[in-house]
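# Breakdown of the fold
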Amino acid sequence: MRRFRHFKMTPMRRCALWMVAIQVVMIIGIMSVYTLQPGWPTLTSLYASGEAEESYTDVMDPIILPALPETYTLVDDDRPYFTLLPNGLSCFTAATDLMKSSNSNSCNCLAGYYGRDCGIPEPVWYACQAFNNCTDFKPRKTPRRLIHGLNINHELEFFQVRLEEVGDVLDVIIVGESNLTAGGDPSPLYLLPELRKGFMGGFQHKIIHIFIDHFPPEGLTDGWFADTFIRDYMGQEGLKRIKGIRDEDLFLLLDADEIPDRNVLLFLKLYDGYPEPIALTLRWSIYGFFWKRAVSGSPLVEDVTRIVAISTMRMIREVYDNKVMSLRRNYLTTEPLLSRVKAYTLNGHPVMEWNIGRVGAYAGFHCSWCYNAEGIRLKLMSAQKDDKPRWGDFPEKLDLGYISRLIHDGRWFDNTKPFFLAKPEEDRLYAPSYILKHKDRFDYLLNLPSAGNTTKSS
């Protein structure tokens with residue numbers, strides 16, 4: 001204490017202390033603004049209490065906070081995917097028995113992989129034999145970057161599954177979310193408040209959240225217009241915020257209930273020599289992975305979901321005119337896309353739709369209506385106005401007991417039964433690996449629930 005005996009509070013020192021105190025107060029104030037406080041209302045709570053206005057602007061301040069990146073700059077992936085062996089072989093590390101390959105004149109592939117360097121996963125192997133016998137694929141010196149776009153409503157668990165499955169392969173994720181349903185009705189935001197709390201924190205640095213605060217009147221009478229609007233808005237606004245895009249980078253468009261296969265995506269990033277656009281054949285499950293969709297007229301023959309989902313960014317720009325929903329609809333033989341395809345081809349970029357995946361060697365999973373009964377009811381009420389028959393317009397279809405019976409019996413809302421039970425003990429591709437690793441949490445998706453026990457998920 002002796003050293004402070006002769007300390008005098010001069011006017012200059014007093015001013016300095018005041019300035020420090022003011023700075024501390026300002027920092028605390030800024031931190032309180034940039035952090036979602038527990039006591040602040042969210043759109044979810046406002047809508048649940050009936051206090052929210054239809055306009056988002058009335059509750060915008062407490063929910064839109066500058067935490068997620070406004071822009072994202074793509075960088076090259078410099079991870080070593082191939083191993084150069086002493087005998088001169090270059091093999092895809094993750095799918096090669098390197099010990100055997102070191103004493104061989106070829107790369108020894110692990111199960112499910114093929115090709116000279118073992119870099120071709122099974123779904124791609126079957127697909128490539130249809131057009132070039134898999135000889136045209138060459139590893140790239142620099143991997144392509146992969147931009148993934150999707151729209152989300154209340155599919156938070158599937159959003160997590162997606163990122164846990166393929167997040168390390170995706171370079172940036174554009175996710176569109178609206179405070180309006182596909183039918184134009186007010187809706188809470190489900191994803192953004194959870195992101196503010198730290199949900200999927202390990203991936204937030206590459207998530208670009210696009211808020212959609214308006215709904216076109218045409219969408220009330222045209223379901224395709226509504227679907228196209230929300231996806232094109234997500235894509236156009238999201239792509240504006242990404243810097244460093246190259247022509248050969250890839251864009252992937254999927255719905256929230258479609259989970260791609262990681263090995264397929266990684267192949268597309270690492271190799272050249274395949275055509276575009278690319279369609280993915282997905283395993284098609286209903287209500288949970290226990291029900292498979294049957295081919296019409298063949299009750300025990302498995303049907304699949306096939307969607308055009310991937311193209312280069314050059315094709316997104318020059319053929320699809322930056323309207324990403326045109327990729328999914330893919331009307332390449334009609335105008336205005338036909339003229340663009342011809343010009344694109346003349347410039348040295350051939351267009352040929354290439355399908356990856358087949359039954360037993362899927363390019364991913366499509367789990368349609370895979371919620372508990374409450375989640376299905378919410379989906380019914382959020383559907384397009386022009387989605388006829390719009391089952392959510394029938395009060396009896398919204399009854400949780402009725403929905404539970406549909407899940408248990410494997411019936412559709414028109415009382416047909418176009419599904420058949422899967423056999424998980426015989427199916428090596430029953431569900432995404434992350435779900436299989438967390439069986440207790442996802443029990444409601446993995447095991448057929450008993451009647452009346454489908455309203456709650458684990």
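All of the points below concern the structure found in this document. Being a predicted model, the structure only gives us computed values, none of them experimental. (Residues numbered from 1 in each chain as written. Predicted model: local features only at pLDDT ≥ 70, side-chain atom pairs only at ≥ 80, totals over all residues. Heavy atoms only, no water.)

## Structural notes on the nonpolar core
- The biggest cluster of nonpolar side chains holds 56 residues, and the ones touching the most others in it are Phe137, Phe159, Leu268, Leu280, Trp354 and Ile356.
- Per element, the largest residue contribution to this core is six residues, and it comes from helix α8 (residues 262-270).
- Look past the residues within four positions of Trp354 in its chain and what remains in contact with it is Val124, Ala127, Cys128, Phe131, Phe137, Phe267, Leu268, Tyr274, Pro275, Pro277, Ile278 and Ala279.
- Within the second largest apolar cluster, 35 residues are counted, among which are Trp391, Ala422, Tyr430 and Ile435. (Core = buried A, V, L, I, M, F, W, Y, C linked by side-chain atoms within 4.5 Å. Buried < 20%, exposed > 50% of the residue type's maximum accessible area, 1.4 Å probe, protein only. Helix = DSSP H or I, 4+ residues; strand = E, 2+ residues; numbered from the N terminus. Contact = heavy atoms within 4.5 Å.)

## Notes on the pattern of salt bridges
- Here the structure, examined in full by the defined rule, presents 27 salt bridges.
- Note that Arg140 is salt-bridged to Asp272, the shortest N-O span being 2.9 Å. You can see Arg140 sitting in the loop between β6 (138-139) and β7 (146-151) and its partner Asp272 sitting in strand β13 (residues 271-272), a full 132 residues away along the chain.
- Relative accessible area serves as the criterion here: at 29%, Asp272 is assigned to the partly exposed category.
- For the salt bridge of Lys269 with Asp171, the shortest nitrogen-to-oxygen distance reads 2.8 Å. You can see Lys269 sitting in helix α8 and its partner Asp171 sitting in the loop between α5 (156-166) and β8 (172-178), a full 98 residues away along the chain. Note on accessibility: Lys269 and Asp171 belong to one class, buried. (Salt bridge = Lys/Arg side-chain N within 4 Å of Asp/Glu carboxyl O.)

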